[in-house]
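Remarks on the overall topology
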Amino acid sequence: EPLTGDSGPGGKQEMLGMQYAHSLKPTIEINGTEYEIELVPGDNQSDSTKAASAASSLISEGVSVVLGTYGSSAAINAAPIFQENKTPAIGVTCTNPSVTAGNTHYFRICFLDPFQGTVLANFAVDNFQAQTAYTLSKQGVDYSCGLCYYFKEAFEAKGGTVVAAEFPEGTSDFTSYVTAAKNAGADVFFAPVSTEAAALIIDNAAAQGLGMPIM
């Protein structure tokens, strides 16, 4: 999980869920033998380039199964390590199709981007009567870019227009993007990003009176 860095808040939420589950069920019985379950944390630091080393570290710890990670880019980079070492991994919120594609040892419990993007596009049209959507993704992030791609595909298929933008790593002021969405005459603002970036976008939108739903 990303326990530090931009995706740290999301990684923390997943960790809390795992820790809560562990508090309810600290042991497991397999073939008549009861085992204590141990949680071993691994921090990929919200950096996809460090995901493979974080995965290798968990393998060296002798883990039986890996849970995570928050962030599809990190999951994609860690995936080959799990397959090579025949260690099963279960993604909780990594939704990009490439996480599990062609990998015999990576599984997931969440919906895929193509499904989510289509549902969100339908929601924007059916619930908000949106005809123009402004999409904002983070450069180089598979989750963010992938979901915007599938949203755009589905939204345009329903006759809508999409104005797309990306922001670079380290962005903390989203004022210009909020202004661009207003100038584009958008009906919805679609930004599948980290919880940290989302909070900043919402603050900037409130300060400028964005005047449209944020998805």
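Just above, that's the structure.
The structure reproduced in this document is the subject of the present report.

What counts, and at which threshold
Residues numbered from 1 in each chain as written. Predicted model: local features only at pLDDT ≥ 70, side-chain atom pairs only at ≥ 80, totals over all residues. Heavy atoms only, no water. Helix = DSSP H or I, 4+ residues; strand = E, 2+ residues; numbered from the N terminus. Buried < 20%, exposed > 50% of the residue type's maximum accessible area, 1.4 Å probe, protein only. Contact = heavy atoms within 4.5 Å. Areas by Shrake-Rupley, 256 points an atom, 1.4 Å probe, with all protein chains shown as cover. Core = buried A, V, L, I, M, F, W, Y, C linked by side-chain atoms within 4.5 Å. Axes fitted to C-alpha atoms, helices over the stretch in contact; angles between N-to-C directions. Parallel < 35°, antiparallel > 145°, perpendicular 65-115°, else oblique. Left-handed = near helix turned anticlockwise from the far one by under 90°. Patch = residues over 30% accessible without salt bridge, like charges linked within 9 Å, V, L, I, M, F, W, Y side chains within 5 Å. Salt bridge = Lys/Arg side-chain N within 4 Å of Asp/Glu carboxyl O. Phe/Tyr/Trp six-rings, centres within 6.5 Å; stacked < 30°, edge-to-face > 60°. Expected span 1.5 Å × (residues − 1). Bend = angle between axes of the 7 residues up to and from the residue. Pairing = 2+ DSSP bridges. Polar contact = N/O pair within 3.5 Å; in protein donor to acceptor, adjacent residues only side chain to side chain.

Things to note about the overall build of the chain
- For the chain, the helix and strand inventory stands at seven helices and eight strands.
- In terms of its C-alpha atoms, the chain occupies a principal-axis envelope of roughly 60 × 30 × 30 Å.
- Within the chain, the fraction of its 215 residues that count as buried is 39%.
- In the chain, the proportion of contacts linking residues at least 24 apart, taken out of those at least 6 apart, comes to 60%.
- Put simply, the chain shows about 11100 Å² of open surface, and 54% of that area lies on carbon and sulfur atoms.

Digging into the nonpolar core
- Residues Tyr134, Leu136 and Phe189 are the most contacted members of the largest nonpolar core, which totals 17 residues.
- Of all the secondary structure elements, the ones that give two or more residues to this core are strand E6 (132-138), strand E7 (161-167), helix H6 (175-183) and helix H7 (195-208).
- Counting 16 residues, the second-largest nonpolar core is a separate cluster that includes Ala51, Ala78, Ala79 and Ile81.

What about the packing of helix H4 (residues 113-128) against helix H5 (residues 142-157)?
- Interhelical geometry of H4 versus H5 gives an angle of 50° and a closest axis separation of 8 Å. Between H4 and H5, the angle is such that the two are oblique. Between H4 and H5 lies a crossing of right-handed hand. Only Asp142, Tyr143, Gly146, Leu147, Tyr150, Phe151, Ala154 and Phe155 of H5 make contact with H4, whose side of the interface consists of Asp113, Pro114, Gln116, Gly117, Thr118, Leu120, Ala121, Ala124 and Val125.

Focus on a nonpolar patch on the surface
- Residues Ile28, Ile30, Tyr35, Ile37 and Leu39 make up a contiguous nonpolar surface patch of about 400 Å² in total accessible area.
- As for its placement among the helices and strands, Ile28 is situated in strand E1 (residues 27-30).

Brief notes about the packing of aromatic side chains
- Under the criterion given, the structure shown has ten aromatic pairs.
- Measuring from centroid to centroid gives 5.7 Å for Phe82 and Tyr106, while their planes differ by 70°, and the two rings are edge-to-face. Here Phe82 is found in helix H3 (residues 72-84), whereas its partner Tyr106 is found in strand E5 (residues 106-108), with 24 residues between them in sequence.
- The class for Tyr106 is buried, based on a relative accessible area of 3%.

Overview of H3
- Taking 1.5 Å as the rise per residue, H3 with 13 residues should run 18 Å; its terminal C-alpha atoms sit 19 Å apart, in good agreement.
- At Ala78, H3 shows its largest bend, some 35°, and a proline, Pro80, comes one to four positions later.
- Within H3, the full set of buried residues consists of Ser72, Ser73, Ala74, Ala75, Ala78, Ala79, Ile81 and Phe82.
- On its buried face, H3 is in contact with helix H2 (51-60), strand E3 (66-67), strand E4 (89-91), E5 and H5.
- Of the residues one or two after H3, Lys86 is the one with positive phi, at around 55°.

So, the sheet that holds E7
- The strand order across the open sheet formed by three strands is E7-E6-E8, and the pairing between neighbours is parallel. Across the chains shown, the open sheet's two edge strands, defined by having one partner strand only, are E7 and strand E8 (188-190). The sheet shows a mean angle of 20° between the axes of neighbouring strands, taken without regard to direction.
- Relative to E7, E6 runs parallel, the two sharing seven bridges. Along E7, the bridge assignment pairs Thr132 with Thr161.
- Most of the contacts of H5 go to E6, to which it runs at about 165°, and overall it touches E6, E7 and E8.

So, the environment of Ala124
- Mapped onto the elements of the fold, Ala124 is located in helix H4.
- Note on Ala124: relative accessible area 0%, which makes it buried.
- With 66 residues separating them in the primary sequence, Ala124 and Phe190 have C-alpha atoms 9.3 Å apart.
- Contact partners of Ala124, with chain neighbours within four places excluded, come to Gln129, Ala130, Phe151, Phe155, Val188 and Met215.

Some thoughts on the side chain of His105
- Looking at the element boundaries, His105 is found in the loop between E4 and E5.
- Taking the relative accessible area as the measure of exposure, His105 reaches 18% and is therefore buried.
- Here the side chain of His105 touches Thr104 through a polar contact of 2.8 Å, side chain to side chain.
- Apart from the residues within four sequence positions on either side, His105 is in contact with Phe82, Gln83, Lys86, Thr87, Pro88 and Ala89.

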